[in-house]
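Inside the fold
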Amino acid sequence: MPISREEFEKGRTQDTIKARIEKLLEDGRAYTVTEIENYLFGKPHDFWDAVLKGLINTFVVRQALEELMREGIVEAREVETRTGKEIYYALKRRIR
């Protein structure tokens, strides 16, 4: 993912994992942890890539989602799918 010249000069990016998750969820849809991981880090290339990166990525994403839920920004819901129940995450609806 490209970064701005300012971020390049500073040696760090402004987008945190939490900010990137929020940006993804702004489209009004709900996503599973795996879908969020694929958005943030790309799909794994092979089995070992999935195993090694998957463990780390899942931990990082789940931690960020938990923080976003504690802050009242994101909500989780268990949804019945064709293959069983899955937990989906979406931005909390704001009452105006």
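Read on for an overview of the structure.

Here we come to the pattern of salt bridges. Tallied over the full model, the rule gives three salt bridges. Salt-bridge contacts for Lys18 lead to Glu71; the nearest nitrogen and oxygen are separated by 2.6 Å. Residue Lys18 is found in helix H2 (residues 17–25), and its partner Glu71 is found in the loop between helix H4 (47–70) and strand E1 (74–81); the two are separated by 53 residues along the sequence. Here Glu71 falls in the partly exposed class, since its relative accessible area comes to 45%. In this structure, Glu78 and Lys85 form a salt bridge, with 3.9 Å as the shortest nitrogen-oxygen distance. Per residue, the accessibility class of Glu78 equals that of Lys85, and both read exposed. Through salt bridges that share partners, Lys18, Glu67 and Glu71 make up one connected network.

In terms of nonpolar packing, the biggest core is built from 14 residues, with Ile21, Ile36, Val61, Leu65, Val74 and Tyr89 touching the most fellow members. Elements that contribute at least two residues to this core include exactly H2, helix H3 (33–41) and H4. A total of four residues in this core trace back to one element, the largest contributor, which is H4. Apart from residues no more than four positions distant in its own chain, Tyr89 is found in contact with Leu25, Arg29, Ala30, Tyr31, Val33, Ile36, Arg62, Leu65, Met69, Val74, Glu75 and Ala76.

Let us now look at the packing of H2 against H4. The contact between H2 and H4 brings their axes to 9 Å, and the two run at 75°. Comparing the axis directions of H2 and H4 gives the class roughly perpendicular. Contacts from Ile17, Lys18, Ile21 and Glu22 in H2 reach Val60, Val61, Ala64, Leu65, Glu67 and Leu68 in H4. Taken together, the residues of the contact of H2 with H4 sort by class into seven nonpolar, no polar and three charged.

By the bridge criterion, eight bridges tie E1 to strand E2 (residues 84–91) in an arrangement that is antiparallel. Residue Glu75 lies in a different strand from E2, and its bridge partner there is Ala90. In this antiparallel pair of consecutive strands, E1 and E2, the connection spans two residues.

Now for a nonpolar patch on the surface. Together, Phe47, Trp48 and Leu52 line one region of the surface with nonpolar side chains, adding up to about 410 Å² of accessible area. Taking the relative accessible area as the measure of exposure, Trp48 reaches 58% and is therefore exposed.

This brings us to H4. Spanning 24 residues, H4 covers 33 Å between terminal C-alpha atoms, matching the ideal 34 Å at 1.5 Å per step. Considering bend angle alone, the principal kink of H4 is centred on Gly54 and spans about 35°. If you check which residues of H4 are buried, you get Asp49, Gly54, Asn57, Val61, Ala64, Leu65 and Leu68. Each element contacted by the buried residues of H4 is listed here: H2, H3, E1 and E2. Count one or two residues on from H4 and you reach Gly72, which has phi positive near 75°.

Calculation rules
Residues numbered from 1 in each chain as written. Predicted model: local features only at pLDDT ≥ 70, side-chain atom pairs only at ≥ 80, totals over all residues. Heavy atoms only, no water. Salt bridge = Lys/Arg side-chain N within 4 Å of Asp/Glu carboxyl O. Helix = DSSP H or I, 4+ residues; strand = E, 2+ residues; numbered from the N terminus. Buried < 20%, exposed > 50% of the residue type's maximum accessible area, 1.4 Å probe, protein only. Core = buried A, V, L, I, M, F, W, Y, C linked by side-chain atoms within 4.5 Å. Contact = heavy atoms within 4.5 Å. Axes fitted to C-alpha atoms, helices over the stretch in contact; angles between N-to-C directions. Parallel < 35°, antiparallel > 145°, perpendicular 65-115°, else oblique. Nonpolar A, V, L, I, M, F, W, Y, C, P; charged D, E, K, R; others polar. Pairing = 2+ DSSP bridges. Patch = residues over 30% accessible without salt bridge, like charges linked within 9 Å, V, L, I, M, F, W, Y side chains within 5 Å. Areas by Shrake-Rupley, 256 points an atom, 1.4 Å probe, with all protein chains shown as cover. Expected span 1.5 Å × (residues − 1). Bend = angle between axes of the 7 residues up to and from the residue.

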